[in-house]
Amino acid sequence: MNQTWKKEMVEWLKTIIFALLIAFLVRNYLFQPYKVQMGSMQPTLHNNDLIMVNKITYRIKKPNRGDIVVFNPPGNTSNIHYIKRIVGLPGESVQVKEGKVFINQTELIEPYLSQIDTPGFVGPVVLGADEFFVLGDHRNNSMDSRDFGAITKDHIHGKTMFVLWPMKDFQVFGQVKYELSEAPTETSEETEKQEEVPPEQ
């Protein structure tokens, strides 16, 4: 009887240790919940929302424009996690002016914004091979790449998959479809006039 009890205790102990190990691996390398602690992503995310973050996806593919990511900003030593949206990708020219965001000199139309203007003035800044420009959806109340500059991939902890809690805020985040408002092109008449002007010596 005593031996049977000891054997059962050992099996239970093994099961508990295995379960804790799996939970540790999942939390640190696969998926992890994060609590939204600021209002910089409204109306997409709200303060105190619990989100689920995929921590493995960027090990196998590159971040996309529109991804909502959890990261530590450059120079941050307090281990505070920021949650923002990727707007500019590596190699792109990003500019913020006149309340608008421009990618490669073309206005970016962002369907998730509840306000029209993006305050501030940035750039144009050409992002490096591993740099991303991030902005909060609540542009009037967000500390983002307008303040601390671009972030690199190693700053990013993972991609937000869905809102876990509260249930009234539940939503799954897929790929955002963007429109780029093309800059007006010169007419042939304007081009001819420019050609008639002698070049400066």
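Figured I'd write up the structure that's included with this text. (Residues numbered from 1 in each chain as written. Predicted model: local features only at pLDDT ≥ 70, side-chain atom pairs only at ≥ 80, totals over all residues. Heavy atoms only, no water.)

## Quick look at the pattern of salt bridges
Condition: By convention in these notes, a salt bridge is any Lys or Arg side-chain nitrogen within 4 Å of a carboxyl oxygen on Asp or Glu. Relative accessibility under 20% of the residue-type maximum defines a buried residue, over 50% an exposed one, and the middle range a partly exposed one, all with a 1.4 Å probe and only protein chains included.
A full pass over the atoms with the stated rule returns seven salt bridges. For Asp144, the salt bridge goes to Arg146, with nearest N and O atoms at 2.9 Å. According to the relative accessible area criterion, Asp144 is buried, its value standing at 0%. Two residues, Lys168 and Asp169, come together in a salt bridge whose shortest N-O distance is 3.5 Å.

## Remarks on the nonpolar core
Note the following rule: Remark: nonpolar core denotes a set of buried residues (Ala, Val, Leu, Ile, Met, Phe, Trp, Tyr, Cys) joined through side-chain atoms within 4.5 Å. A helix here means a DSSP run of H or I that spans at least four residues, while a strand means a run of E at least two residues long, and both kinds are numbered starting from the N terminus. Contact criterion: two residues are considered in contact whenever any of their non-hydrogen atoms come within 4.5 Å of each other.
Val87, Val101, Ile103 and Phe133 are the most contacted members of the largest nonpolar core, which has 13 residues in total. Counting residues per element, the ones that place at least two in this core are strand E5 (93-97), strand E6 (100-103) and strand E9 (131-135). Once residues within four sequence positions are removed from consideration, Ile103 is found in contact with Arg65, Val87, Gly88, Glu92, Ser93, Val94 and Leu108.

## A word on the environment of Pro33
Summarising the element assignment, Pro33 is placed in strand E1 (residues 31-35). The spatial distance from the C-alpha of Pro33 to the C-alpha of Asn54 is 9.0 Å, given a sequence separation of 21 residues.

## Brief notes about the packing of aromatic side chains
Note the following rule: What counts as a ring pair is set by centres within 6.5 Å for rings of Phe, Tyr and Trp (its six-membered ring), and what kind of pair is set by the plane angle: stacked under 30 degrees, edge-to-face over 60, tilted for all other angles. Note on criteria: charge over ring means Lys NZ or Arg CZ within 6 Å of the ring centre, with the direction from the centre no more than 35 degrees off the ring normal.
Enumeration over the complete set of coordinates arrives at five aromatic pairs. Taking 5.9 Å as the distance between ring centres and 80° as the angle between the ring planes, the aromatic pair formed by Tyr82 and Phe148 counts as edge-to-face. Of this pair, Tyr82 sits in strand E4 (residues 82-88) while Phe148 is found in helix H3 (residues 145-148), placing the two residues 66 residues apart along the sequence. As far as burial versus exposure is concerned, Tyr82 and Phe148 are alike and both buried. The residue whose ring lies beneath Arg85 is Tyr112, and the NZ or CZ to ring-centre distance is 3.6 Å. Between the NZ or CZ atom of Lys97 and the centre of the ring of Phe102, over which it lies, the distance is 5.5 Å.

## Considering the environment of Ala150
Looking at where Ala150 falls in the secondary structure, it is placed in the loop between H3 and strand E10 (151-152). When its relative accessible area of 23% is taken as the criterion, Ala150 is described as partly exposed. Note: C-alpha distance between Ala150 and Val126 (24 residues apart in sequence) is 9.9 Å.

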